[in-house]
Amino acid sequence: MRQPASRQLFGRERELAVLIRALDDSERGSARVVWIGGEPGIGKTRLAEELGATAARRRATVAWARCVDADAAPPYWPWAEAIRALLRTITLDELQLPVSCLERIGALVPDLVHRPATSDRSAALKTASDRYQLFDAVRTLLQRASSHAVLVLVFDDLHQADAGSLLLLEFVARELSDSRLLLVVTYRADEMSTRLMETMGELARVGLQKMVLTGLGLSATGQLLAHLARKGCSGDFVRDVHARTSGNPFFVTEVAHLQSSDRDVIPDNVRAVLQRRLSRLSEATIQLLTVGSVMGREFDFRIAAAIVQPARDADLLSALDEALERLIVESMPAAGESWYRFKHALVRDAVYESVSPSRRAHWHAAVLDLMEQRLGARLEEHAADLAYHAARAEALVGSSRVVKYSRMAGERMLAAHAFDEASSHFARAWRARNSVPCDDDAAGILVGLGHAQAATSVRWNRQEAWSNVRRAVEHYVEAGEIEKAVAAVTHPSLAAEGVSGAADVIRRLMPSVREGSREAASLLARGA
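Quick caveat, the model's predicted, so the values are computed rather than measured.

A.B. asks: How should I be thinking about the overall build of the chain in this particular structure?
C.D. replies: Looking only at helices and strands, the chain features 26 helices and 8 strands. Each of the three principal axes of the chain carries a C-alpha extent, and together these read 110 × 55 × 35 Å. Split into buried and exposed, the 528 residues of the chain put 49% on the buried side. As displayed, the chain offers around 25,200 Å² of accessible surface, 48% of which is attributable to carbon and sulfur atoms. Looking at charge distribution, the chain has the averaged site of its 66 positive side-chain charges lying 3 Å from that of its 67 negative ones.

What follows is the structure, given as structure tokens:
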């Protein structure tokens, strides 16, 4: 039997309260069945451990059984493990079971009673009558154990249980509804079999309580990180970890153990878990998810399907259904009926990194081409996405498209006052020009970059921003485009204080504007 939980539990107060209420009901003689579902690492077992610790403090008998792959384990393995755990806390003498009952239970737990060496477990369960007698013997055992103390049975990973074990669970829940028994089950929501769903439906008739755990909220994620680090964590760090992990406690813990320089790396243990989940998917689903991951954490199924299998959308609808059933992606109704989102950024990253850089570049180029074809006059609305794909396929699509969409995205971000994002886009556009001689396009990029840098810089550290604007102004003056030069220098984000050479730029422009004009007043104000 597991030891009482010693680790701290974060963000599960509501769920634990539900379990404790079920324990209260069991203590009053009304049996309860609670199923705890969720994805791997979400904290199902940890929550059950906390309940077990609470029950043990209240002098309940707690027995655990972990289900293993039904194809590899003997029939009724979870029940055999549960009975073994139970008999380590209460003796057969205390239970005073009839000999016939012991004999039948011996079919599950051969070491419980002395049996001939030639005896076979399966031989005792040849007919439906044999099975019923076994079930009745287990019922008797649990009924007598619960008469001594409240009995809490925890079946971990029930999604792996064999059909016989599920049938026995249904029988016990139905027959012992008026006993001091609490049955707690954990299961992976992404591995629900048809048989398991049938059991869930059958148990609903006897008052099944089901909870599906989701990721921790931002506050609970911060508490967990502070507990792991044994010190407070910055808000930015907590938000970054929460965004990558969606609050999955296992993912949060593994990411927290990374060195600060490796924060963008997928931890090895997380990668192993994710690869196990992905390995169960069909080839078509993997290919769809790969193209989806190239598009980002959110993707348009229509574009992904058109790239993967232009003439066979029906096949990919089945692949999409599988990804949804396995909780790899989720729909985004607010964005449109064809939009989906990876449930975890880490899942998206694992899928994306599973293919070579060359193949990723090929997919980015394909996504860029298709988006250009389909967006038409709405290119500017999706400039950031277009810039992202162009940059990652630059060797295939050419630098000019990187420049075009990066500048377009930078200007949109600048207009929206998203200055950090604008700075990144303009910087990418400038790098992609490869030192081409300055022209009007280059000047526009430099102005945008300078304005974004100025808006994100400390007041007395705007030299680089002014240097970029000054290079653009020199081009505009030489080209006779004084209005653009004045607009560049008088932008609200720029400040001349503490900037070497700012006054020289303003003095150079003054003779080019009409005295007393609005432009002259703006230049004088900027130089004040």
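A.B. asks: Before we go on, may I ask you to explain the sheet that holds strand S3 (residues 151-156) in this structure?
C.D. replies: Hydrogen bonds along the backbone pair up the strands of a sheet, which may run parallel or antiparallel. Spatially, 5 strands are ordered S2-S3-S4-S1-S5 in an open sheet, and the strand pairing comes out parallel. With one partner strand each, in any of the chains shown, strand S2 (61-66) and strand S5 (209-212) form the two edges of the open sheet. For this sheet, the mean inter-axis angle between neighbouring strands, taken without regard to orientation, is 15 degrees. Where S2 lies against S3, 6 bridges are found, and the strand directions are parallel.

A.B. asks: Hey, could you run me through the pattern of salt bridges in this one?
C.D. replies: Inspection of the entire model under this criterion finds 34 salt bridges. Residue Asp-25 is joined to Arg-32 by a salt bridge in which the shortest nitrogen-to-oxygen separation is 3.2 Å. In this structure, Asp-441 engages Arg-407 in a salt bridge whose closest nitrogen and oxygen atoms are separated by 2.7 Å. On the criterion of sequence distance, the pair formed by Asp-441 in helix H22 (residues 440-456) and Arg-407 in helix H20 (residues 399-415) is long-range, its members being 34 residues apart. Several salt bridges share partner residues, and in doing so they unite Arg-407, Glu-411, Arg-433, Asp-439 and Asp-441 into one network.

A.B. asks: What am I meant to see in the packing of helix H3 (residues 77-86) against helix H6 (residues 128-148) here?
C.D. replies: Two quantities define a packed helix pair, namely the angle between the helix axes and the distance between the axes. With their axes 12 Å apart at the nearest point, H3 and H6 run at an angle of 30 degrees to one another. Considering the relative orientation of H3 and H6, their crossing is left-handed. Across the interface between the two elements, Trp-79, Ile-83 and Leu-86 from H3 touch Val-138, Leu-141, Leu-142 and Ala-145 from H6. Of the residues belonging to the contact of H3 with H6, the class tally is 7 nonpolar, no polar and no charged.

A.B. asks: What am I meant to see in the confidence of the model for the chain here?
C.D. replies: In low-pLDDT regions, the fine details of the predicted coordinates are not to be read closely. Summarising the model, the chain shows a mean pLDDT of 87, and 91% of its residues fall at 70 or more. Element-level pLDDT for the chain is lowest in helix H26 (residues 518-527), with a mean of 71, against a maximum mean of 97 in S3. Taken as a whole, residues 115-119 scores under 50 in pLDDT and shows 5 contacts with residues more than four places along the chain or in a different chain.

A.B. asks: In this structure, what is going on with the sheet that holds strand S6 (residues 298-300)? I would like to understand it.
C.D. replies: Spatially, S6-S8-S7 is the arrangement adopted by the 3 strands of the open sheet, whose pairing is antiparallel. In this open sheet, the two edge strands, each paired with only one partner strand, are S6 and strand S7 (329-331). Across the sheet, the mean angle separating the axes of adjacent strands is 30 degrees when strand polarity is ignored. Of the strand pairs in this sheet, S6 and strand S8 (residues 339-342) are connected by 3 bridges, and their pairing is antiparallel. The partner of Phe-299 across the bridge, within S8, is Tyr-340. Across the sheet, helix H13 (residues 283-295) lies against S6, S7 and S8, angled at about 115 degrees from S6, the strand it touches most. Contacts between helix H14 (residues 301-308) and the sheet are confined to S6 and S8, with S6 contributing the most and set at about 65 degrees to the helix.

A.B. asks: Before we go on, may I ask you to explain the packing of aromatic side chains in this structure?
C.D. replies: For any pair of aromatic rings, the description rests on two quantities: the centre-to-centre distance and the angle between the ring planes. Using the criterion set out here, one finds 8 aromatic pairs in the structure. Each ring, one from Tyr-132 and one from Phe-171, has its centre 5.9 Å from the other, and the planes form 90 degrees; the classification is edge-to-face. In this pair, Tyr-132 sits in helix H6 while Phe-171 sits in helix H7 (residues 163-175), placing the two residues 39 residues apart along the sequence. The class of Phe-171 is buried, set by a relative accessible area of 6%. A network of ring pairs unites the aromatic residues Tyr-76, Tyr-132, Phe-135 and Phe-171 as a single cluster. Sitting over the face of the ring of Tyr-352, Arg-348 holds its NZ or CZ atom 4.4 Å from the ring centroid. Arg-360 extends its terminal NZ or CZ atom over the ring of Tyr-352, reaching a point 4.7 Å from the ring centre.

A.B. asks: Hey, could you run me through the nonpolar core in this one?
C.D. replies: Generally speaking, a soluble globular protein has its nonpolar side chains buried in company with each other. One finds Leu-289, Ile-328, Val-329 and Phe-342 to be the most contacted residues of the largest nonpolar core, which totals 70 residues. In terms of nonpolar packing, the next biggest core, distinct from the first, is built from 50 residues, Val-109, Leu-153, Leu-158 and Val-172 among them.

A.B. asks: Before we go on, may I ask you to explain the pairing of strand S1 (residues 32-38) in this structure?
C.D. replies: Side-chain direction in a regular strand flips from residue to residue, so the side chains alternate between the two faces of the sheet. Of all 7 residues in S1, 6 are buried; the element is thus mostly enclosed. Where S1 and strand S4 (residues 181-188) come together, 7 bridges link them in parallel fashion. The partner of Arg-32 across the bridge, within S4, is Leu-182. Pairing between S1 and S5: 4 bridges, direction parallel.

A.B. asks: I keep staring at helix H21 (residues 419-432) and nothing clicks. Help me out?
C.D. replies: The periodicity of an α-helix, 3.6 residues per turn, causes residues three or four places apart in sequence to face the same way. Taking 1.5 Å per residue as the helical rise, H21 with its 14 residues ought to reach 20 Å, and the 20 Å between its terminal C-alpha atoms agrees with that figure. Among the residues of H21, those classed as buried are Ala-422, Ser-423, His-425, Phe-426, Arg-428, Ala-429 and Ala-432. On its buried face, H21 is in contact with helix H18 (383-392), helix H19 (394-397), H20 and H22. Asn-434 lies just past H21 and shows a positive phi near 55 degrees.

A.B. asks: Any chance you could explain the environment of Leu-346 here in plain terms?
C.D. replies: Along the chain, Leu-346 falls in helix H16 (residues 345-352). According to the relative accessible area criterion, Leu-346 is buried, its value standing at 0%. Along the backbone, Leu-346 and Tyr-76 are 270 residues apart, and their C-alpha atoms lie at a distance of 36 Å. Apart from residues lying up to four places away in sequence, Leu-346 is in contact with Arg-244, Thr-245, Phe-251, Val-255, Ile-266, Val-270 and Leu-274.

A.B. asks: Help me understand H13 in this model?
C.D. replies: With 13 residues, H13 should reach 18 Å at 1.5 Å per residue; the first-to-last C-alpha distance of 19 Å fits that figure. A positive backbone phi angle near 125 degrees is found at Gly-296, which sits one or two residues after H13.

A.B. asks: What is the right way to read unusual backbone geometry from this model?
C.D. replies: Trans peptide bonds make up most of the peptide bonds, and negative phi angles are found at most residues other than glycine. A positive phi angle is found at Tyr-76, which is not glycine, with a value near 60 degrees. Along the chain, Tyr-76 falls in the loop between S2 and H3. Of note, Arg-230 is a non-glycine position whose phi angle comes to about 60 degrees, a positive value. Mapped onto the elements of the fold, Arg-230 is located in the loop between helix H9 (218-229) and helix H10 (235-245).

Conventions adopted
- Residues numbered from 1 in each chain as written.
- Predicted model: local features only at pLDDT ≥ 70, side-chain atom pairs only at ≥ 80, totals over all residues.
- Heavy atoms only, no water.
- Helix = DSSP H or I, 4+ residues; strand = E, 2+ residues; numbered from the N terminus.
- Buried < 20%, exposed > 50% of the residue type's maximum accessible area, 1.4 Å probe, protein only.
- Areas by Shrake-Rupley, 256 points an atom, 1.4 Å probe, with all protein chains shown as cover.
- Lys, Arg positive; Asp, Glu negative; His and termini not counted.
- Charge placed at Lys NZ, Arg CZ, Asp CG, Glu CD.
- Pairing = 2+ DSSP bridges.
- Axes fitted to C-alpha atoms, helices over the stretch in contact; angles between N-to-C directions.
- Salt bridge = Lys/Arg side-chain N within 4 Å of Asp/Glu carboxyl O.
- Left-handed = near helix turned anticlockwise from the far one by under 90°.
- Contact = heavy atoms within 4.5 Å.
- Nonpolar A, V, L, I, M, F, W, Y, C, P; charged D, E, K, R; others polar.
- pLDDT = per-residue confidence, 0-100.
- Phe/Tyr/Trp six-rings, centres within 6.5 Å; stacked < 30°, edge-to-face > 60°.
- Lys NZ or Arg CZ within 6 Å of the ring centre and 35° of its normal.
- Core = buried A, V, L, I, M, F, W, Y, C linked by side-chain atoms within 4.5 Å.
- Expected span 1.5 Å × (residues − 1).

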